[in-house]
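# Observations on the three-dimensional arrangement
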Amino acid sequence: MVSRIIPVDPFDLVIFGGTGDLARRKILPGLFRRFCADQMPEEARIIGAARSEMSDDAFREMVAEAIREFGGKRGGDDAELDAFLERVGYETVDATGEGGWKALAGRMREGTTRAFYFSVGPSLFGDLAERLHTHGLATPDSRIVVEKPFGHDLESARALNATLAQHFTEEQIYRIDHYLGKETVQNLMAVRFGNTLFEPLWNAQYVDHIQITVAETVGVGGRGGYYDKSGAMRDMVQNHLMQLLCLIAMEPPARFDPNAVRDEKLKVIRALDPVAPHHISRGQYDAFEDQPSYRDDVENPRSTTESFIALRCHVSNWRWAGTPFYLRTGKKLRARASEIAVVFKDAPHSIFGAEAGRHRNVLSIRLQPNEGMTLGVTIKEPGPGGMRLVDVPLDMTFADALGPDAEEVPDAYERLIMDVMRGNQTLFMRGDEVEAAWAWTDPLIEGWQGRGEVPKPYDVGSSGPDDSLMLMHRDGRKWRDIRT
Ligand code: NAP
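In this text, all values refer to a predicted model and were calculated from it rather than measured experimentally.

## Description of the state of the cysteines
- The full count for this structure, using the stated rule, is zero disulfides.
- Considering cysteine sulfurs only, Cys 313 is the nearest to Cys 246, which forms no disulfide, with 10 Å between them.
- On the basis of relative accessibility, which here comes to 0%, the residue Cys 246 falls in the buried class.

As structure tokens, this is what we get:
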């Protein structure tokens, strides 16, 4: 199977924060891989911009190092790297001052697609939008790519939307949620809406419940200061898990176009019920051997921010009434594993009797590691000795199914950046979606803050605090194992 590369038109891409962590780890190596895959046209230009004084050559050297370190297996050879670097330049620009903007404007070409990637701290998003406008860089068809977090709550997200809207139309704004760029996540739509097999069963009549788990093994790392003001709810649930929930729960859009898809996702968010306090479990990782606790990591001994959250929510509409969605995400857990599991109901009647045991079909959609899907089906255990049933996986690991071409599957960032250049907003969040997600999230956070609740400690390498297990147990259900 050979992946089809659709080249994009020539573009000027300015990466504000071009010297930062995200640019070095994801954006620049991703662009290089697209270049090696012949998707980037000859005339494409990439301009890094940040406050640091740096020549074009010094920036190119930094880019080359980043690509060598983070480029992965699909990086090209030295000749390709040199050819890529010829398209790269740098301008010293201060988002909060006037320095560098004129020179940056001088580098932009007329009549070429323009995109400005805001890979800087969120407090600078408004400044960048403002200055792009005042310095005349924001042409009517230029695009801005806005990183997360998009706001801290509904009020700040509204304010940011309003600021961006002063200078850019909604069609020019690309709010990134890199989960939407993952191959499996898009495959979720292909599986649901490209087959007749699943959709008739995709409702409360046949689905017992849905579990969405995004588990990390890392702690807060160097992001302690930011994370402690945010927590798992804001950092993960409001955006990534919410987007996954939307794709699972949404009605089939009439067309696979940006507004049709996003209209349906928005309806899901608006149909979410408030979550009762006893359906939320929050945790903080404890110290373990020589590893620091969450409170040590964030240098705040009294922190009440959660590094883990699990909750049960409901989408109140005809399709999903009565089917709970269990969401769970946290740091320093047992394994780095992200999965959506659609757990179907038991067969209404077992002709094999009670001794055959309880068997359920589960469609598991793995986001990482080993992106792929598995459908658990019940079959007869081979061999003599009566009718014993076992559950076996029908496995579709993309790496196996696609063979060597699996390596050609772009990672989330490279795909999304190419979508920006094509002007395709389907995999980006619309302003009203982000606001609706905050409108659902805010009261939950205010609720536990108002009640003065403190997160429960959990062991490093565990599956979270005990009461997160109880959340399922009380309903007669069980979380799936967190494993790679
Ligand atoms: P970072 O490593 O701290 O880099 C910040 C960048 O912004 C640097 O290039 C910095 O360079 C530049 N900068 C700071 N102040 C500036 C100013 N006034 N004018 C112009 N440039 C300025 O941050 P990051 O981790 O790359 O994150 C960037 C954004 O992506 C943040 O919004 C973050 O939340 C988001 N994000 C990051 C990750 C990740 O894995 N890193 C993941 C998801 C989202 P100078 O100091 O030289 O100006």
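Further notes follow.
## Brief notes about the sheet that holds strand 6 (residues 173-175)
- Strand order across the open sheet formed by six strands is 3-2-1-4-5-6, with parallel pairing between neighbours. The open sheet has two edge strands with one neighbour each: strand 3 (88-92) and strand 6. This sheet shows a mean twist of 20 degrees between the axes of neighbouring strands, independent of strand direction.
- As judged from the five bridges shared by strand 1 (residues 11-16) and strand 2 (residues 45-50), these two strands associate in the parallel manner. In the strand pairing of strand 2, Leu 13 is matched with Ile 46.

## Considering the pairing of strand 4 (residues 113-118)
- Summarising burial for strand 4: six of the six residues are buried, a large majority.
- Where burial is concerned, the two faces of strand 4 agree: the one with Thr 113, Ala 115 and Tyr 117 and the one with Arg 114, Phe 116 and Phe 118 are both buried.
- Looking at chain direction, strand 1 and strand 4 are connected through six bridges and run parallel. Across the sheet, the residue bridging to Phe 16 is Phe 118, located in strand 4.

## Side note on the site of the ligand
- Inspection of the region around the ligand gives 21 residues, with Thr 19, Asp 21, Arg 25, Ser 52 and Val 120 positioned closest.
- One of the side-chain nitrogen or oxygen atoms of Asp 94 is found 3.0 Å away from a nitrogen atom of the ligand.
- For the ligand, whose free accessible area comes to 890 Å², the fraction covered by protein is 74%.
- When residues in the shell around the ligand are grouped by element, the largest group, three residues, is from helix 1 (residues 21-36).
- In terms of residue class, the shell around the ligand is built from nine nonpolar, six polar and six charged.

## Comments concerning helix 9 (residues 231-249)
- End to end, helix 9 covers 25 Å across 19 residues, agreeing with the expected 27 Å (1.5 Å per residue, within 8%).
- Within helix 9, 19 of the 19 residues are buried, which leaves the element mostly enclosed by the surrounding structure.

## A look at empty space enclosed by the protein
- Scanning the model with the defined rule gives one cavity of 30 Å³ or more in all.
- Estimated volume of the largest cavity: approximately 90 Å³.
- Lys 148, Phe 150, Gln 238, Asn 239 and Met 429 are, among the 14 residues lining the largest cavity, the residues nearest its centre.
- Of all the elements in the fold, those that place two or more residues in the lining of the largest cavity are helix 9 and helix 14 (431-450).
- Of the residues forming the lining of the largest cavity, the biggest block, three residues, is contributed by helix 9.
- Grouping the constituent residues of the lining of the largest cavity by class yields seven nonpolar, three polar and four charged.

## Things to note about helix 15 (residues 466-473)
- Those residues of helix 15 lying buried are Ser 468, Leu 471 and Met 472. Buried residues of helix 15, seen end-on, are gathered within an arc of 90 degrees and therefore sit on one face of the element. Opposite the buried face of helix 15, at more than 90 degrees from it, the exposed residues are Asp 466 and His 473.
- Against strand 7 (207-215), strand 8 (280-285), strand 9 (308-314) and strand 10 (324-330) lie the buried residues of helix 15.

## Let's talk about the pattern of salt bridges
- According to the stated counting rule, one finds 40 salt bridges in the structure shown.
- In this structure, the salt-bridge partner of Arg 158 is Glu 435, at a minimum N-O distance of 3.7 Å. Residue Arg 158 is found in helix 6 (residues 154-167), and its partner Glu 435 is found in helix 14; the two are separated by 277 residues along the sequence.
- The salt bridge partner of Arg 480 is Glu 339, with a shortest N-O separation of 2.8 Å. Of this pair, Arg 480 sits in the segment after helix 15 while Glu 339 is found in strand 11 (residues 337-344), placing the two residues 141 residues apart along the sequence.
- Its relative accessible area of 15% is what places Glu 339 among the buried residues.
- Because the salt bridges share partners, they merge into one network encompassing Lys 26, Arg 33, Arg 34, Asp 411 and Glu 414.

## Re unusual backbone geometry
- Cis rather than trans, the peptide bond between Lys 148 and Pro 149 has omega equal to 0 degrees.
- Note on placement: Pro 149 falls in the loop between strand 5 (143-146) and helix 6.
- A cis amide bond links Gln 368 to the next residue, Pro 369, at an omega of -10 degrees.
- Tracing the backbone through its elements, the reader meets Pro 369 in the loop between strand 12 (362-368) and strand 13 (372-380).
- Positive phi is not limited to glycine here, since Asp 38 has a value of about 65 degrees.

## Some points on the packing of aromatic side chains
- Under the defined criterion, the tally for this structure stands at 15 aromatic pairs.
- Ring geometry for Trp 320 against Phe 325: centres 5.4 Å apart, planes inclined by 80 degrees, an arrangement best described as edge-to-face. Of the two residues, Trp 320 and Phe 325, both sit in the buried class.

## Comments concerning the layout of surface pockets
- The volume enclosed by the second largest pocket comes to roughly 890 Å³.
- Around the second largest pocket, the lining is made up of 32 residues, and of these Glu 339, Val 362, Arg 480, Asp 481 and Arg 483 lie nearest the centre.
- Broken down by secondary-structure element, the contributors of at least two residues to the lining of the second largest pocket are strand 7, strand 11, strand 12, strand 13 and strand 14 (389-397).
- By residue class, the composition of the lining of the second largest pocket is eight nonpolar, 12 polar and 12 charged.

Criteria and cut-off values
Residues numbered from 1 in each chain as written. Predicted model: local features only at pLDDT ≥ 70, side-chain atom pairs only at ≥ 80, totals over all residues. Heavy atoms only, no water. Disulfide = S-S within 2.5 Å. Buried < 20%, exposed > 50% of the residue type's maximum accessible area, 1.4 Å probe, protein only. Pairing = 2+ DSSP bridges. Helix = DSSP H or I, 4+ residues; strand = E, 2+ residues; numbered from the N terminus. Axes fitted to C-alpha atoms, helices over the stretch in contact; angles between N-to-C directions. Near = heavy atom within 4 Å. Polar contact = N/O pair within 3.5 Å; in protein donor to acceptor, adjacent residues only side chain to side chain. Areas by Shrake-Rupley, 256 points an atom, 1.4 Å probe, with all protein chains shown as cover. Nonpolar A, V, L, I, M, F, W, Y, C, P; charged D, E, K, R; others polar. Expected span 1.5 Å × (residues − 1). 1 Å grid on protein atoms, 1.4 Å probe; cavity = no way out; pocket = protein on both sides within 12 Å on 5 of 7 lines; lining within 4 Å. Points joined across faces, edges and corners; volume = space filled by probe spheres on them. Arc of directions from axis to C-beta. Contact = heavy atoms within 4.5 Å. Salt bridge = Lys/Arg side-chain N within 4 Å of Asp/Glu carboxyl O. Phe/Tyr/Trp six-rings, centres within 6.5 Å; stacked < 30°, edge-to-face > 60°.

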